[in-house]
Amino acid sequence: MTDLFSVHGKNVLVTGGSRGIGLMIARGFVAAGANVIISSRKADVCASVAEELTVLGNCAAIPADLGHDDGARALAAAVRDRVDKLDVLVNNAGATWGAPLEDYPESAFDKLWAVNVKAVFRLTIELLPALRAAAGPDDPARVINIGSVDGLRVPMIEVYAYSATKAAVHMLTRTLAHQLAGERITVNAIAPGPFESKMMAFALDDPHSRAAVEAQVPLGRIGRPEDMSGTAIYLASRAGAYLTGAVIPVDGGLTTHG
């Protein structure tokens, strides 16, 4: 059973890996013996977090701004220079934007489409050679996209572009899974519910609003780092080798409300 869930020695890239859900996933992979590269916009923060994670195992930093195609291409080129194959790509980098309906700016859709959707597509395409080099019939290469429960149900707050782009990530996951299955590359998505992150800080830092969020979750709590890292490791291990095109809600049951 230990081998069934092993990711030891696998090469893993986690975008947005310096904080929040990306950091939870990166830390889990490092602790599980994978060779992890984290990427984020701020070079100093990215390097500092990677250095901290090396206490647990192997971690390196490659800063990149994925808000434009050139950033995605540069990151892919740097990864290909660093490793001869990429076993796991975790497309986690993302952004959100909240505003009342009649004040919601068009620029929010432009920014979030670029970061949340286009970057996932562009980086995956640019890293296909490295993913193909890792792909095998019994141990496919893996792409794990981070969506959101807000792409599966109507959000409780006004985040129109965010929910729309996360729904797009889920459909992009399915279409890429269908296209790449013949090349032994699986593509799945994780749709997180409430976790400790910068995006959720507005609700979770205040004790009263935090209690209100917890009350909405059937399991009665906020997600923990191991809930997120455990799901990603499952998808990247032999245990998840026969799964592709899935969108897995890791939300404490939130989406059971419909």
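The preceding data block contains the structure.
Residues numbered from 1 in each chain as written. Predicted model: local features only at pLDDT ≥ 70, side-chain atom pairs only at ≥ 80, totals over all residues. Heavy atoms only, no water.

Asker: Could you give me a rundown of the packing of helix α3 (residues 69–82) against helix α4 (residues 106–126), with the residues and numbers involved?
Answerer: To describe two helices that pack against each other, one gives the angle between their axes and the distance between the axes. The geometry of α3 relative to α4 is characterised by a closest axis approach of 9 Å and an angle of 35° between their N-to-C directions. Crossing geometry of α3 relative to α4 is assigned as right-handed. Contacts between α3 and α4 involve D69, A72, R73, L75, A76 and R80 from the first element and K118, R122, L123 and E126 from the second. Among the residues making up the contact of α3 with α4, the classes are represented as four nonpolar, no polar and six charged. (Axes fitted to C-alpha atoms, helices over the stretch in contact; angles between N-to-C directions. Helix = DSSP H or I, 4+ residues; strand = E, 2+ residues; numbered from the N terminus. Left-handed = near helix turned anticlockwise from the far one by under 90°. Contact = heavy atoms within 4.5 Å. Nonpolar A, V, L, I, M, F, W, Y, C, P; charged D, E, K, R; others polar.)

Asker: Hey, could you go over a positive patch on the surface for me, with residue numbers and the actual values?
Answerer: Where like charges cluster on the molecular surface, the positive patch consists of R19, R41, K42, K111 and K198. Taking relative accessible area as the criterion, K198 reaches 60% and is therefore assigned exposed. (Patch = residues over 30% accessible without salt bridge, like charges linked within 9 Å, V, L, I, M, F, W, Y side chains within 5 Å. Areas by Shrake-Rupley, 256 points an atom, 1.4 Å probe, with all protein chains shown as cover. Salt bridge = Lys/Arg side-chain N within 4 Å of Asp/Glu carboxyl O. Lys, Arg positive; Asp, Glu negative; His and termini not counted. Charge placed at Lys NZ, Arg CZ, Asp CG, Glu CD. Buried < 20%, exposed > 50% of the residue type's maximum accessible area, 1.4 Å probe, protein only.)

Asker: Account for the packing of aromatic side chains, naming residues and giving values.
Answerer: Aromatic ring pairs are described here by two measures, namely the spacing of the ring centres and the angle between the planes. Following the criterion strictly, the structure yields two aromatic pairs and no others. Residues Y104 and F109 carry aromatic rings whose centres are separated by 5.7 Å and whose planes lie at 70° to one another, so their mutual orientation is edge-to-face. When its relative accessible area of 12% is taken as the criterion, Y104 is described as buried. A relative accessible area of 39% places F109 in the partly exposed class. Each ring, one from Y104 and one from Y160, has its centre 5.2 Å from the other, and the planes form 90°; the classification is edge-to-face. Of this pair, Y104 sits in the loop between β4 (88–91) and α4 while Y160 sits in helix α6 (residues 160–180), placing them 56 residues apart in sequence. (Phe/Tyr/Trp six-rings, centres within 6.5 Å; stacked < 30°, edge-to-face > 60°.)

Asker: Mind laying out the pattern of salt bridges, listing which residues take part and the relevant values?
Answerer: On inspection of all chains with the given rule, the structure shows 10 salt bridges. With a shortest N-O distance of 4.0 Å, R122 and E126 are connected by a salt bridge. Of this pair, R122 and E126 are both found in helix α4, four residues apart, which corresponds to roughly one turn of the helix. With respect to class, R122 is no different from E126; both count as buried. With its nearest N and O atoms 2.8 Å apart, the salt bridge here joins R142 to D139. What emerges from the salt-bridge pattern is a single network uniting D70, R73, R122 and E126.

Asker: Account for the environment of I25, with residues named and values stated.
Answerer: For I25, the location among the structural elements is in helix α1 (residues 20–31). Note on I25: relative accessible area 0%, which makes it buried.

Asker: Tell me about α4, and please be specific about residues and values.
Answerer: For an α-helix, 3.6 residues make a turn, and residues three or four places apart therefore share a direction. A rise of 1.5 Å per residue sets the reference length of α4, with its 21 residues, at 30 Å; its end C-alpha atoms lie 28 Å apart and thus fit the reference within 8%. Where α4 bends most, the angle comes to about 45°, and this point is K118. Among the residues of α4, A108, L112, A114, V115, N116, V117, A119, V120, R122, L123, T124 and E126 are the ones counted as buried. Next to the buried residues of α4 lie β1 (11–15), α3, β4, α5 (128–134), β5 (141–146) and α6. (Expected span 1.5 Å × (residues − 1). Bend = angle between axes of the 7 residues up to and from the residue.)

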